[in-house]
Amino acid sequence: WSAERRARRYAPEALLLFIESGGRKLRLFNDSWINIPVWVRSEIALPMPEAIQKRQSFRSDLSNICKASYTHQVTRDPALIEDFYHQMYLPYVGSSHGDSAILKSKELLLSEFGSPELLLIKQGQTAIAGVLISYEYEIPKIFALGIREDQFAHLRHGALFACYYFALAHLGNAGYQRVSAGSSKGFIRDGVLNYKHKFGHRLVEPQEQCLLLKRLQTTAKATELLRELPVICQRNGLLYSLVFVNNEELKTLQRSAKARSKFFVPGSEALLACNLDSQENSSGHSFITLEEKH
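Keep in mind that what you see is a predicted model, and the values were worked out from it rather than measured.

A. Structural detail: the sheet that holds strand 10 (residues 210-215). Pairing is antiparallel in the open sheet, where three strands are placed in the order 1-10-2. Sheet topology places strand 1 (16-21) and strand 2 (34-37) at the edges, where each strand pairs with a single neighbour. Sheet twist, expressed as the mean angle between neighbouring strand axes with direction ignored, is 25°. Across four bridges, the pairing between strand 2 and strand 10 is antiparallel. Residue N35 lies in a different strand from strand 10, and its bridge partner there is L212. Each of strand 1 and strand 10 is contacted by helix 1 (residues 3-10), which is oriented at about 140° to strand 1, the strand it contacts most. Each of strand 1 and strand 10 touches helix 8 (residues 220-227); the most contacted strand, strand 10, lies at about 145° to it.

Laid out in structure tokens, this is it:
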């Protein structure tokens, strides 16, 4: 309850304040805070809708993996899983996230979701990438992608797309109608969240921990930061896509469905806009609904 006061005292130049919290402590934060889930879980329906498979980007990625002659192998072989962990998972996560990477031990990674399958992507006889599939819960879960360290060039040829594509095909052939796509950060421009959009994922629920956001200043710099920060927010237990805009941007979004599609994340109840130009002296937030779930 004293975090905002302390932030203003000890960092008077700060533009935005984020506080990570959860559970009963969320009651301490009023409507002047934006509640952003740290993680949001999403699912992919099987078979993938025809509209998804007809998208230009999807067809282009599919063409790339055909040109690369990728095949796949599903295994529970302990030696292959050991190789995947050390030679694919660790190098890929480390290179993708740098110092912020959360590298789980092999024992934790494999025990967290039961005894997973490993789906390997191969070019000829060489396994270049892989992904784990868990059957621990009600629906299978795709998690822990990896690319062999000396094969990162295959990312340009669709190796990551191949991991998802063949995993979804494998699970669809097994009769599953839904797949957990795991969790992503609650920021709409997050690369992982955006990548799952290729396969028609939908948000299903947030995890408990949240980032509470408040603008500490109404300066142009603070406004500019927020305009570059579209988020998933939680209100009354429901998830919404939220974009911060000025007057001109609001008008563009109101008249253009294509512009709105860049920010609306499927599974959200609605796309909301917070007009910063109209809230310069407001301690709370008023939201304009731009598009509702369909």
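B. Examining helix 8 more closely. Along helix 8, the residues classified as buried are A222, T223 and L226. The buried side chains of helix 8 occupy one side of the element, clustering within an arc of 100° when seen end-on. Turned more than 90 degrees away from the buried face of helix 8, the exposed residues are A220 and K221. Buried residues along helix 8 sit in contact with strand 1, strand 10 and strand 12 (238-245).

C. Representation of the packing of aromatic side chains in the model. Scanning all chains against the criterion turns up twelve aromatic pairs. An angle of 25° between the planes, with centres 5.6 Å apart, marks the rings of Y85 and Y89 as stacked. On the criterion of helical spacing, the pair formed by Y85 and Y89 is a turn pair, its members being four residues apart in helix 4 (residues 78-97). In this structure Y85 comes out as buried when scored by relative accessible area, which is 8%.

D. Focus on the pattern of salt bridges. Per the stated rule, a full pass over the model turns up 15 salt bridges. Across the pair E205 and R41 runs a salt bridge, and its minimum N-O distance is 3.0 Å. Residue E205 is found in strand 9 (residues 202-206), and its partner R41 is found in strand 3 (residues 39-45); the two are separated by 164 residues along the sequence. On the accessibility criterion, E205 (38% relative accessible area) is partly exposed. For the salt bridge of E138 with R178, the shortest nitrogen-to-oxygen distance reads 3.4 Å. Remark: R178 occurs in strand 8 (residues 178-185) and E138 occurs in the loop between strand 6 (126-134) and strand 7 (141-147); sequence separation between them is 40 residues.

Criteria and thresholds
Residues numbered from 1 in each chain as written. Predicted model: local features only at pLDDT ≥ 70, side-chain atom pairs only at ≥ 80, totals over all residues. Heavy atoms only, no water. Pairing = 2+ DSSP bridges. Helix = DSSP H or I, 4+ residues; strand = E, 2+ residues; numbered from the N terminus. Axes fitted to C-alpha atoms, helices over the stretch in contact; angles between N-to-C directions. Contact = heavy atoms within 4.5 Å. Buried < 20%, exposed > 50% of the residue type's maximum accessible area, 1.4 Å probe, protein only. Arc of directions from axis to C-beta. Phe/Tyr/Trp six-rings, centres within 6.5 Å; stacked < 30°, edge-to-face > 60°. Salt bridge = Lys/Arg side-chain N within 4 Å of Asp/Glu carboxyl O.

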